[in-house]
Amino acid sequence: QVPLVESGGGLVQAGGSLRLSCLASGGTFSNYNMAWFRQAPGKEREFVAAITSSGGYIDYSDSTKGRFTISRDNAKNTAYLQMNSLKPEDTAVYYCAARYYDATLYDKAEKYPYWGQGTQVTVSS
């Protein structure tokens, strides 16, 4: 088990920034690949970004590449999602997810067995 707790969501104007955090407790954080997904009302959960256990390999969705940055601090058991140039269409509940390390970064939610409870991000126009 890898309990995950997200924080940092909120209300921001278009063009603004937020940084989300995902704190892991239990397990050895540095053994897990981490990912961020989001889900808007009435839509399926969507891949945002993922990072390998060491931070050496990162992947982004086309819609967030260049605006969002995923990172991690294994000493603090925390993953981050820095979101810049936010748009109203970024409004969603953002979830972090974990999967025991492998060399592949997956963009499918079903590949991640561990999830946080989510944090709401609302971008006003």
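Before reading on, note that the structure itself is shown above.
All values derive from a computational prediction rather than experimental measurement.

**Topic: the overall build of the protein chain**
Each helix and strand counted, the protein chain has zero helices and 11 strands in total. N-terminal to C-terminal, the α/β element order of the protein chain is β-β-β-β-β-β-β-β-β-β-β. Computed over its C-alpha atoms, the radius of gyration of the protein chain comes to 13 Å, within 12% of the 14 Å expected for a compact globule of 125 residues. Structurally, the protein chain occupies a C-alpha span of about 40 × 25 × 25 Å along its principal axes. Per-residue burial for the protein chain yields a buried fraction of 44% across its 125 residues.

**What to know about the pairing of strand E1 (residues 4–7)**
The two faces of E1 differ: Leu-4 and Glu-6 on one face are buried, but Val-5 and Ser-7 on the other face are not. When E1 meets strand E3 (residues 18–24), the two strands line up antiparallel, connected through four bridges. Residue pairing across strands places Glu-6 opposite Cys-22, the latter belonging to E3.

**Some details on the nonpolar core**
Core analysis: the largest hydrophobic core is formed by 28 residues, its most contacted members being Leu-4, Met-34, Trp-36, Leu-81, Met-83 and Tyr-94. In contact with Tyr-94, not counting residues within four places along its chain, are Glu-6, Leu-20, Phe-37, Arg-38, Val-48, Phe-68, Leu-81, Met-83, Gly-118, Thr-119 and Val-121.

**Remarks on the packing of aromatic side chains**
Evaluated as defined, the whole model comprises six aromatic pairs. On the basis of an interplanar angle of 85° and a centroid distance of 5.4 Å, the ring pair of Tyr-32 and Tyr-100 is categorised as edge-to-face. Of this pair, Tyr-32 sits in strand E4 (residues 32–39) while Tyr-100 sits in strand E9 (residues 92–100), and the two are 68 residues apart along the sequence. Here Phe-37 and Phe-47 contribute two aromatic rings whose centre-to-centre distance is 5.6 Å and whose plane-to-plane angle is 75°, an arrangement assigned as edge-to-face.

**Let's talk about the sheet that holds strand E8 (residues 78–83)**
Spatially, four strands are ordered E1-E3-E8-E7 in an open sheet, and the strand pairing comes out antiparallel. The open sheet is flanked by E1 and strand E7 (68–73), the only strands paired with a single partner. Averaged over all pairs of adjacent strands, the angle between strand axes in this sheet comes to 15°, irrespective of strand direction.

**Focus: the side chain of Ser-53**
By the element assignment, Ser-53 lies in the loop between strand E5 (46–51) and strand E6 (58–60). Contacts of Ser-53, omitting those with residues within four sequence positions, involve Ser-30, Asn-31, Tyr-32, Asn-33, Arg-72, Asn-74 and Tyr-101.

About the cut-offs
- Residues numbered from 1 in each chain as written.
- Predicted model: local features only at pLDDT ≥ 70, side-chain atom pairs only at ≥ 80, totals over all residues.
- Heavy atoms only, no water.
- Helix = DSSP H or I, 4+ residues; strand = E, 2+ residues; numbered from the N terminus.
- Rg over C-alpha atoms; globule rule 2.2 N^0.38 Å.
- Buried < 20%, exposed > 50% of the residue type's maximum accessible area, 1.4 Å probe, protein only.
- Pairing = 2+ DSSP bridges.
- Core = buried A, V, L, I, M, F, W, Y, C linked by side-chain atoms within 4.5 Å.
- Contact = heavy atoms within 4.5 Å.
- Phe/Tyr/Trp six-rings, centres within 6.5 Å; stacked < 30°, edge-to-face > 60°.
- Axes fitted to C-alpha atoms, helices over the stretch in contact; angles between N-to-C directions.

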